[in-house]
Amino acid sequence: MSGLDDVVGTHEIITPDDMEALGARMGRMLRAGDLVVLTGPLGAGKTTLTRGIAAGLGVRGPVQSPTFVIARTHPSLVGGAPLVHADAYRLGSAAELDDLDVDLAGSVVVVEWGRGMVDGLVDVWWEVELDREWHGHGVDDACGTTAHEAELDADAPRLVTITRRP
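Here the residue numbers are simple positions, counted from 1 along each chain's written sequence. Given that the model is predicted, a residue must reach a pLDDT of at least 70 before its local features are reported, and side-chain atom pairs must reach 80 or more before they are shown or counted; all residues, however, enter totals for whole chains, interfaces and linings. Think of the side-chain values as coming from all heavy atoms in the structure, minus any hydrogens and water.

**Topic: the packing of helix α1 (residues 16-29) against helix α2 (residues 46-57)**
Here's step 1: Simply put, an axis is a line fit to the C-alpha atoms, just over the touching stretch for a helix, and the angle between two N-to-C directions goes from 0 to 180 degrees. Strands are runs of DSSP state E lasting at least 2 residues, helices are runs of H or I lasting at least 4, and numbering of each runs from the N terminus. Across the interface, α1 lies against α2 with an axial gap of 6 Å and an inter-helix angle of 40°. Classified by the angle their axes make, α1 and α2 are oblique. By crossing handedness, the relation of α1 to α2 is classed as right-handed. Contacts from P16, M19, E20, L22, G23, A24, M26, G27 and R28 in α1 reach T48, L49, R51, G52, I53, G56 and L57 in α2. Angle categories: roughly parallel below 35 degrees, roughly antiparallel above 145, roughly perpendicular from 65 to 115, and oblique for all the rest. The crossing is said to be left-handed when, going from far helix to near helix, the turn is anticlockwise and less than a right angle, and right-handed when the turn is clockwise. Contacts between residues were defined by any pair of non-hydrogen atoms, one from each residue, lying within 4.5 Å.

**Looking at the side chain of E112**
Here's step 1: For E112, the position within the fold is in strand β5 (residues 108-112).
Here's step 2: When neighbours within four sequence positions are excluded, E112 is seen to be in contact with L38, K46, T47, T50, P66, H85, A86, D87, A88 and Y89.

**So, a negative patch on the surface**
Here's step 1: Taken together, E96, D98, D99, D101 and D103 make up a surface patch of like negative charges.
Here's step 2: Looking at the secondary structure, you find D101 in the loop between α3 (94-99) and β5.
Here's step 3: Exposure classes here rest on a 1.4 Å probe applied to the protein chains alone. A residue is buried below 20% of its type maximum, exposed above 50%, and partly exposed in between. When its relative accessible area of 68% is taken as the criterion, D101 is described as exposed. To count toward a patch, a residue needs a relative accessible area above 30% and no salt bridge. Like charges then connect within 9 Å, nonpolar side chains (Val, Leu, Ile, Met, Phe, Trp, Tyr) within 5 Å. For the area figures, the Shrake-Rupley method with a 1.4 Å probe applies, and any residue is considered shielded solely by the protein chains shown. Salt bridges, as used here, are contacts in which a Lys or Arg side-chain nitrogen is within 4 Å of a carboxyl oxygen on Asp or Glu. His is not counted, nor are the chain ends, whereas Lys and Arg count as positive and Asp and Glu as negative. A charged residue contributes its charge at one atom only: NZ of Lys, CZ of Arg, CG of Asp or CD of Glu.

**Focus: the environment of S107**
Here's step 1: For S107, the location among the structural elements is in the loop between α3 and β5.
Here's step 2: Given the relative accessible area of 4%, S107 is considered buried.
Here's step 3: Sequence separation between S107 and L35 is 72 residues; the distance between their C-alpha atoms is 8.5 Å.
Here's step 4: Look past the residues within four positions of S107 in its chain and what remains in contact with it is R31, A32, G33, D34, A81, P82 and V84.

**Considering the environment of E20**
Here's step 1: Structurally, E20 can be placed in helix α1.
Here's step 2: Through-space distance from the C-alpha of E20 to that of T50 is 7.6 Å; in sequence the pair is 30 residues apart.
Here's step 3: When neighbours within four sequence positions are excluded, E20 is seen to be in contact with T48, R51 and G52.

**A closer look at α1**
Here's step 1: Taking 1.5 Å of rise per residue, 14 residues should cover 20 Å, and α1 covers 20 Å from first to last C-alpha, within 8% of that figure.
Here's step 2: Taken as a whole, α1 has its buried residues at M19, L22, G23, A24, M26, G27 and M29.
Here's step 3: Contacts from the buried residues of α1 go to β1 (9-13), β2 (35-39), α2, β6 (125-132) and β7 (158-165). By this rule, a helix spans an expected 1.5 Å times one less than how many residues it contains.

**Considerations on the side chain of T50**
Here's step 1: Considering the arrangement of structural elements, one finds T50 in helix α2.
Here's step 2: Here T50 is in contact with L38, V63, L83, H85, V110 and E112, once residues within four sequence places are set aside.

**Remarks on unusual backbone geometry**
Here's step 1: Omega for the bond connecting G61 with P62 falls within 30 degrees of zero, at 0°, which places this linkage in the cis form.
Here's step 2: On the secondary structure map, P62 appears in the loop between α2 and β3 (71-74).
Here's step 3: Despite not being glycine, I70 shows a phi value in the positive range, around 70°.
Here's step 4: Structurally, I70 is set in the loop between α2 and β3.

Listed below in structure tokens is the structure:
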């Protein structure tokens, strides 16, 4: 298991560049056998964080959302572990994730939408929760949408909480 203990806790992220910088810091700490589960709403920054992790690991890009291919492997350019970037959104169970036959021991694996999907695959993993900060009250505007819905595409700060599981 890697030394992500140095980044455990909550981080306020103001810009996408800040999100990538946090990911790069994490990537420099991750090693083969590490599993990172990313959870958060659409547009929260999961793929942006993964781009940073890839940069910190020194793997070949580009890193894009693996939604339609389920998983992509990015080989190392510096003799380190490859990055496997998976998206569990369209998977129905942990068994389907396991069926991808990912080299969990020999890779750094990042799974978007993976909460509840990695139990039983490994004993310990890193859980990263990405939340948009929102200070509205859900009051409808003139268009019939709530303030929260109107902010979904806004460049708003994020809270990133990193914990070790279980």
